[in-house]
Amino acid sequence: MTTGAADYRNLAVWKRSHELVLRVYGITRLFPRDERFGLTAQVRRAGVSIPSNIAEGRCRIAQGSYRALVDVALGSAGEVDYQLLLARDLGYMHHDEHRELADELVEIRGMLAALYRALATT
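Residues numbered from 1 in each chain as written. Predicted model: local features only at pLDDT ≥ 70, side-chain atom pairs only at ≥ 80, totals over all residues. Heavy atoms only, no water.

(A) The arrangement of the overall build of the protein in detail. Summing up its helical and strand segments, the protein has four helices and zero strands in all. Helices (α) and strands (β) of the protein occur, in sequence order from the N terminus, as α-α-α-α. A globule of 122 residues ought to have a C-alpha radius of gyration of about 14 Å, and the protein, at 15 Å, matches this closely. Projected onto the principal axes, the alpha-carbon positions of the protein cover approximately 45 × 25 × 20 Å. Per-residue burial over the protein gives 38% buried out of 122 residues. Intrachain contacts of the protein at a sequence separation of at least 6 include 72% that bridge at least 24 residues. Counting every atom, the protein has about 6700 Å² of accessible surface; 53% of that belongs to carbon and sulfur. For the protein, the distance from the average position of its 16 positive side-chain charges to the average position of its 15 negative side-chain charges is 6 Å. (Helix = DSSP H or I, 4+ residues; strand = E, 2+ residues; numbered from the N terminus. Rg over C-alpha atoms; globule rule 2.2 N^0.38 Å. Buried < 20%, exposed > 50% of the residue type's maximum accessible area, 1.4 Å probe, protein only. Contact = heavy atoms within 4.5 Å. Areas by Shrake-Rupley, 256 points an atom, 1.4 Å probe, with all protein chains shown as cover. Lys, Arg positive; Asp, Glu negative; His and termini not counted. Charge placed at Lys NZ, Arg CZ, Asp CG, Glu CD.)

Here it is in structure tokens:
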């Protein structure tokens, strides 16, 4: 497996998680101002963690480090899933918008799980 700064950008899971973060930032702009340091910051941080950990792991030399960081990305995807559910239940986002993002997260988590399994065999 080749490592390099730009290499992670070619991964489909990184591209999809990056797009998810862009959507999360757009949606959270509409959250109440008093959530700026609460849920808004938390869901953004967890969202950014997904592609960030993929990038960091991909740029590492040790394969075990890469796999561990993919596992962290999986955990962050779970955080985002719950935080968006909470935002929906608090009335900060529409049900349809939440459903689209939740469906995207299911797919991203599946891709991350597949990558995690593949890294165990290399």
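Having seen the structure, we can now continue with the description.
(B) Focus on the pattern of salt bridges. As enumerated under the stated definition, the model contains eight salt bridges in all. A salt bridge links Glu104 to Arg16; the shortest N-O distance between them is 2.8 Å. Linking Glu104 in helix H4 (residues 95-120) with Arg16 in helix H1 (residues 12-28), this pair joins segments that are 88 residues apart in sequence. We note a salt bridge from Glu56 to Arg60, for which the minimum N-O separation is 2.4 Å. The exposure class assigned to Arg60 is partly exposed, which follows from its relative accessible area of 38%. Taken together, the shared-partner salt bridges in this structure form one network comprising Arg16, Glu104 and Glu107. (Salt bridge = Lys/Arg side-chain N within 4 Å of Asp/Glu carboxyl O.)

(C) Representation of the packing of aromatic side chains. The tally for this structure, following the rule as stated, stands at two aromatic pairs. Here the aromatic rings of Tyr8 and Trp14 are separated by 5.2 Å at their centres, their planes lie at 70°, and the arrangement is edge-to-face. In this pair, the class of Tyr8 matches that of Trp14, namely buried. (Phe/Tyr/Trp six-rings, centres within 6.5 Å; stacked < 30°, edge-to-face > 60°.)

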